[in-house]
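Inside the fold
The residues making up each chain are set out below.
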Amino acid sequence: MPLVTLEGVGKSFGDNRVLSDVDLSVEAGEVVVVIGPSGSGKSTLCRCINRLETIDEGRILFEGNPLPAEGRELARMRSRVGMVFQSFNLFAHRTILDNVTLGPTKVLGQKRGQAEARARELLTRVGIADKADRLPRQLSGGQQQRAAIARALAMDPVLMLFDEPTSALDPEMISEVLDVMRSLAATGMTMIVVTHEMGFARSAADRVAFMADGRILEIAPPDDFFGAPKSDRARDFLARILQH
């Protein structure tokens, strides 16, 4: 049974149709990278999977069950899905350690000592153990995004969603975040990643999904997709992207 299944998913914002008849299934342990031109619905798709946006048609299954509408069941589901956004969304007035321990203590009911030990382990894993007692503003953008990844991992999710996690970063900081994501993929974490980073898609994805006009036009292993895209839209997109 796939970990995540989307069946005929549609979504509009007013008159603007952003998702149309989207089908996608993601197996446990799989890394699916979603690429495509701006405005193609990639971020909306990502946000619908943990119900930050509601869908108008179709259905989304998580671990075989439809997404809960609200309340405790939705909170429980969301605690199993980590999300990393373009903006780091860290609590500005709390230390990095506090940011990472907040979810486990408040939502999962972990003891402070247990949560702190796990947080320090995760901050070591993402390479910022020495920043635990700093405030977010004292860190670079790349370090803040790595803290955001550690915060998501502290909830022990079974799925990680990344919505263009490097788009707000300076070029020299992008690789440090992508390296953390590659190492996470190598551990077998199930990941859905919306990104413009083609190198990451080539090296880390099990499958690449190409979106345009609110639809997934093709999905294939990276060697197949980059080597021989099947749709004209994908060929045009890659020709523009890879020329630069």
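The text that follows walks through the structure, step by step, so that each part is easy to find. Quantities reported herein were computed from a predicted structural model and do not represent experimental measurements.

A separate point is the sheet that holds strand E7 (residues 159–163). Judged by pairing direction, the sheet is mixed, and its six strands sit side by side in the order E6-E7-E8-E3-E9-E10 without closing on themselves. Pairing within the sheet leaves two strands with one partner each, and these edge strands are strand E6 (81–84) and strand E10 (215–220). For this sheet the average axis-to-axis angle between neighbouring strands, irrespective of direction, equals 15 degrees. As paired elements, strand E3 (residues 31–35) and strand E9 (residues 207–212) share four bridges and run parallel to each other. Bridge assignment links Val 33 to a residue of E9, and that residue is Val 208.

Attention shifts here to helix H3 (residues 96–106). In terms of burial, H3 is largely enclosed, as eight of its 11 residues are buried. Taken together, the buried positions of H3 are Ile 96, Leu 97, Asp 98, Asn 99, Val 100, Thr 101, Leu 102 and Pro 104. Tucked into the core, H3 has its buried residues touching helix H4 (112–125) and helix H5 (141–153).

The alternating pattern of E6 places Val 81 and Met 83 and Gly 82 and Val 84 on opposite faces, both of which are buried. Of the strand pairs in this sheet, E6 and E7 are connected by four bridges, and their pairing is parallel. By the bridge assignment for E7, Gly 82 is matched with Met 160.

Another aspect to go through is the nonpolar core. Counting residues in each nonpolar core, the largest one holds 51 residues, and the members touching the most others are Ile 149, Met 160, Phe 162, Met 181, Met 191 and Phe 225. If we skip the residues at most four places from it in the chain, Met 160 touches Gly 82, Val 84, Ile 149, Ala 152, Leu 153, Leu 184, Met 189, Thr 190, Met 191 and Ile 192. Membership of the second largest hydrophobic core comes to 27 residues, among which are Cys 48, Leu 67, Val 81 and Leu 161.

Our next topic: helix H1 (residues 42–49). Side chains that are three or four residues apart share a direction in an α-helix, a result of its 3.6 residues per turn. Where burial is concerned, most of H1 is hidden: seven out of the eight residues are buried. For H1, the complete set of buried residues consists of Lys 42, Ser 43, Thr 44, Leu 45, Cys 46, Cys 48 and Ile 49.

So, about the environment of Ile 192. Counting through the fold element by element, Ile 192 comes out in strand E8 (residues 190–194). For the pair formed by Ile 192 and Asp 224, sequence separation is 32 residues and the distance between their alpha carbons is 19 Å. The contacts of Ile 192, once residues within four sequence positions are left out, are Val 26, Val 32, Val 34, Ile 49, Leu 159, Met 160, Leu 161 and Phe 162.

Let's shift gears to the pattern of salt bridges. Inspection of every chain in the model, using the stated rule, returns 15 salt bridges. Note that Glu 73 is salt-bridged to Arg 76, the shortest N-O span being 2.4 Å. Pair noted here: Glu 73 and Arg 76 are both in helix H2 (residues 71–79), with a separation of three residues, about one helical turn. In this structure, Arg 112 engages Glu 116 in a salt bridge whose closest nitrogen and oxygen atoms are separated by 2.8 Å. With Arg 112 and Glu 116 both in helix H4 and four residues apart, this pair spans about one turn of that helix.

This part is about the state of the cysteines. Summed over all chains, the structure comprises zero disulfides. With no disulfide of its own, Cys 46 lies closest to Cys 48 among cysteine sulfurs, the gap being 9.5 Å. On the basis of relative accessibility, which here comes to 1%, the residue Cys 46 falls in the buried class. By relative accessible area, which is 1% here, Cys 48 ends up buried.

What follows concerns the sheet that holds strand E2 (residues 16–26). Across the sheet, which stays open at both edges, the four strands sit in the order E2-E1-E4-E5 with antiparallel pairing between neighbours. Two strands bound the open sheet, and with one partner strand each, they are E2 and strand E5 (65–66). As judged from the seven bridges shared by strand E1 (residues 4–13) and E2, these two strands associate in the antiparallel manner. Bridging from a neighbouring strand, Val 4 pairs with Val 26 of E2.

Conventions used here
- Residues numbered from 1 in each chain as written.
- Predicted model: local features only at pLDDT ≥ 70, side-chain atom pairs only at ≥ 80, totals over all residues.
- Heavy atoms only, no water.
- Pairing = 2+ DSSP bridges.
- Helix = DSSP H or I, 4+ residues; strand = E, 2+ residues; numbered from the N terminus.
- Axes fitted to C-alpha atoms, helices over the stretch in contact; angles between N-to-C directions.
- Buried < 20%, exposed > 50% of the residue type's maximum accessible area, 1.4 Å probe, protein only.
- Contact = heavy atoms within 4.5 Å.
- Core = buried A, V, L, I, M, F, W, Y, C linked by side-chain atoms within 4.5 Å.
- Salt bridge = Lys/Arg side-chain N within 4 Å of Asp/Glu carboxyl O.
- Disulfide = S-S within 2.5 Å.

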